[in-house]
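Each chain is listed here by its residues.
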Amino acid sequence: MKSRKYYIENFLIFLNVFSIMFSFIFFNQFYFLIFTLLLSILIVRPKVIKIQPVDKKIFFLIFVFMINSFFSFSPTNSLKYVIMFILCCLNIRILFELNVNWKSKLLNYLWFAVFIHSLCVVIHFIKPNIIYSFLERFYDSNNMMLIKNLANLGSYAGICNQTGLAGFIVSIFIIMSFIKIDFSNKKIMYILFTFLGFAALFLTGKRGFVVFDILMIFLYFLFFQNGNISKKIIYFMLLIMLAFLGVYILSSMGILKSFLNKLIVLQNSNDLSNGRDVLWSKTIDVFRTKPFLGNGINTIDLLFGDCTHNIYIQLLAELGILGYWVVVFWFIGNLIDSIKNYLSNKNVYNILSLFFQFLFLLYGLTGNPFYSSSFLWIYLLGIFLSEGRSVRKNAER
């Protein structure tokens, strides 16, 4: 019989996922992260926390952010980001102290959460009034106007307040469902879930994520799929046939037409970057004003009213050359460590670790994932899935 503590610890894992995937709808996500962390500390009450290698790298990065904040033209904005970064780290890190296998439980809750988001995107397309009647209870008029205007242009966000977040979450659903085809006995079910994910992704209108997800699926086939070469070829041919069938189904439902119409609009406007190139150029100009120490983490949006939509250019302007290379080497180091862990143990945790990191880093070329807790948490989860170790004796059973 499962103990009371077992259910409490499961609730903490669920609350961690809820804080990232749904709390922004109902509450201020920043404050809800604080609430989740405080509640976790009260329940877990860790007496001694064993420092792990992954912790040391994060401590050093936080130290760099803190130093940079003192040179920021807006220390308040910079320190708020540092606190958000720390909250995301600690909310995952405290799960190491649980008796249950937190990785397995958390991934189950996460898959269900991203499934709900993906389903809501499809419902937004089929029955938009259902989504609007729900969101109007929680979102203000400006957010509702933005969501409806985007839907009129063929971009559906589901219950998110932006299509970028919706596209990212749906991509997580596609990655998790696709990998489950290889690791689960319910292969047909997860094939259908993968197609549901792609239908939702086309509806968000986020062409970058479509490219990223297709690229990662091919990457999985080449390097990660279980089985010999002949089995990989059979799976690949099956995937191609299913892809053609999926395109036909999506076309007949009008989903693909909505996605293609948006591409045509962008092409006719002669601005395939959708205005990003202007922000990139302005951010590089900002970098030139303080090239060594930077202008302060999380300050570009104060200058332009928006982020740069390329985290690598924005981090260069905010952190300067020195801080920028610290973050870049942190990204590279995390990938190298995760690859080493995968080569030594080819389990689902290490595979998802790499693909969560791949998605985040690829989206960083056109989006702002480093500056939102919902995106950042997924990246940090990817690191902890590979490098983190539960410290309780019976936690890995």
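Just so we're clear, the structure is a prediction, and the values are computed from it rather than from any experiment.

Colleague: Where do I start with the overall build of the protein in this structure?
Modeller: A count of helical and extended segments in the protein gives 18 helices and 0 strands. Counting the 397 residues in the protein, one finds 53% classified as buried. Considering only residue pairs separated by 6 or more positions, the protein has 74% of its internal contacts joining residues 24 or more positions apart. Total accessible area on the protein stands at roughly 18800 Å², and carbon and sulfur atoms take up 68% of it.

Colleague: Mind showing me how you'd approach helix H4 (residues 53-70) here?
Modeller: The α-helix winds at 3.6 residues per turn, so residues separated by three or four positions along the chain end up facing the same way. Taking 1.5 Å per residue as the helical rise, H4 with its 18 residues ought to reach 26 Å, and the 27 Å between its terminal C-alpha atoms agrees with that figure. Within the span of H4, buried status applies to Val54, Asp55, Ile58, Leu61, Ile62, Val64, Phe65, Asn68 and Ser69.

Colleague: Sorry, what's going on with empty space enclosed by the protein here?
Modeller: If a probe as big as a water molecule is rolled over the atoms, it shows which places are left empty. On inspection of all chains with the given rule, the structure shows 2 cavities of 30 Å³ or more. Roughly 60 Å³ of internal volume is contained in the largest cavity. Lining the largest cavity are Ile174, Ile175, Phe178, Ile179, Asp213, Met216, Ile217, Tyr220 and Phe355. Of all the secondary-structure elements, those providing two or more residues to the lining of the largest cavity are helix H9 (163-183) and helix H11 (207-223). Roughly 30 Å³ of volume is contained in the second largest cavity. Lining the second largest cavity are Ile20, Met21, Phe24, Leu165, Phe168, Ile169 and Ser374. Within the residue set of the lining of the second largest cavity, elements represented by two or more residues are helix H1 (4-21) and H9. The element that contributes the greatest number of residues to the lining of the second largest cavity is H9, accounting for 3 residues.

Colleague: What am I meant to see in the nonpolar core here?
Modeller: Nonpolar side chains tend toward joint burial in soluble globular proteins. Ranked by size, the top nonpolar core spans 119 residues in total, and within it Phe85, Leu110, Phe331 and Phe370 carry the most contacts. Broken down by element, this core gets its largest block of residues, 13 residues, from H9. Here Phe85 is in contact with Ile58, Leu61, Ile62, Phe65, Trp330, Phe370, Leu376 and Leu380, once residues within four sequence places are set aside.

Colleague: What am I meant to see in the packing of aromatic side chains here?
Modeller: Applying the stated criterion to the full structure yields 54 aromatic pairs. Seen from their ring centres, Tyr6 and Tyr7 are 5.4 Å apart, and the 85° between their planes marks the pair as edge-to-face. Residues Phe65 and Tyr81 carry aromatic rings whose centres are separated by 5.9 Å and whose planes lie at 75° to one another, so their mutual orientation is edge-to-face. Residue Phe65 is found in helix H4, and its partner Tyr81 is found in helix H5 (residues 75-93); the two are separated by 16 residues along the sequence. Judged on exposure class, the residue Phe65 and its partner Tyr81 are both buried. An aromatic cluster of three or more residues is present, and its members are Phe14, Phe18, Phe22, Phe26, Phe27, Phe32, Phe35, Tyr109, Phe134 and Phe138. The ring of Phe30 carries Lys80 above its face, with NZ or CZ at 5.6 Å from the centroid.

Colleague: Sorry, what's going on with the packing of H4 against H5 here?
Modeller: For any two helices packed against each other, one specifies the inter-axial angle together with the distance between the axes. Contact pair H4 / H5: the axes reach a minimum separation of 9 Å and the direction vectors enclose 170°. Between H4 and H5, the crossing angle belongs to the class labelled roughly antiparallel. Helix-helix and strand crossings are classified by hand; for H4 and H5 the assignment is left-handed. Contacts between H4 and H5 pair Asp55, Ile58, Leu61, Ile62, Phe65, Met66 and Ser69 from the former with Pro75, Ser78, Leu79, Tyr81, Val82, Phe85, Ile86, Cys89 and Arg93 from the latter. For the contact of H4 with H5, the residue count by class is 12 nonpolar, 2 polar and 2 charged.

Colleague: What's the story with the pattern of salt bridges in this structure? I'm lost.
Modeller: Side-chain pairs of opposite charge can arise whenever the charged atoms involved come near each other. Evaluation of the coordinates by the stated rule reveals 4 salt bridges. With a closest N to O distance of 2.7 Å, Lys57 and Asp337 form a salt bridge. Of this pair, Lys57 sits in helix H4 while Asp337 sits in helix H16 (residues 311-344); the two residues are 280 residues apart in sequence, bridging distant segments of the chain. The class for Lys57 is partly exposed, based on a relative accessible area of 23%. Its relative accessible area of 25% is what places Asp337 among the partly exposed residues. With a shortest N-O distance of 3.1 Å, Asp285 and Arg288 are connected by a salt bridge. In this pair, Asp285 and Arg288 both sit in helix H14 (residues 276-289), 3 residues apart, roughly one turn of the helix. Using a relative accessible area of 59% as the deciding quantity, one classes Arg288 as exposed.

Colleague: Explain the environment of Trp377 to me, please; I cannot follow it from the model alone.
Modeller: The topology assignment puts Trp377 in helix H18 (residues 373-387). Since its relative accessible area comes to 0%, Trp377 is described here as buried. Excluding anything up to four places from it in sequence, Trp377 contacts Asn16, Val17, Ile20, Cys88, Ile92, Leu106 and Leu110.

Colleague: Honestly, helix H10 (residues 187-204) in this entry has me stumped. Any pointers?
Modeller: The terminal C-alpha atoms of H10, which comprises 18 residues, lie 26 Å apart, in line with the 26 Å expected from a rise of 1.5 Å per residue. All buried positions along H10 are accounted for by Tyr190, Ile191, Phe193, Thr194, Gly197, Phe198, Ala199, Ala200, Leu201, Phe202, Leu203 and Thr204. Gly205 sits one or two residues past H10 and shows a positive phi near 75°.

What counts, and where the lines are drawn
- Residues numbered from 1 in each chain as written.
- Predicted model: local features only at pLDDT ≥ 70, side-chain atom pairs only at ≥ 80, totals over all residues.
- Heavy atoms only, no water.
- Helix = DSSP H or I, 4+ residues; strand = E, 2+ residues; numbered from the N terminus.
- Buried < 20%, exposed > 50% of the residue type's maximum accessible area, 1.4 Å probe, protein only.
- Contact = heavy atoms within 4.5 Å.
- Areas by Shrake-Rupley, 256 points an atom, 1.4 Å probe, with all protein chains shown as cover.
- Expected span 1.5 Å × (residues − 1).
- 1 Å grid on protein atoms, 1.4 Å probe; cavity = no way out; pocket = protein on both sides within 12 Å on 5 of 7 lines; lining within 4 Å.
- Points joined across faces, edges and corners; volume = space filled by probe spheres on them.
- Core = buried A, V, L, I, M, F, W, Y, C linked by side-chain atoms within 4.5 Å.
- Phe/Tyr/Trp six-rings, centres within 6.5 Å; stacked < 30°, edge-to-face > 60°.
- Lys NZ or Arg CZ within 6 Å of the ring centre and 35° of its normal.
- Axes fitted to C-alpha atoms, helices over the stretch in contact; angles between N-to-C directions.
- Parallel < 35°, antiparallel > 145°, perpendicular 65-115°, else oblique.
- Left-handed = near helix turned anticlockwise from the far one by under 90°.
- Nonpolar A, V, L, I, M, F, W, Y, C, P; charged D, E, K, R; others polar.
- Salt bridge = Lys/Arg side-chain N within 4 Å of Asp/Glu carboxyl O.

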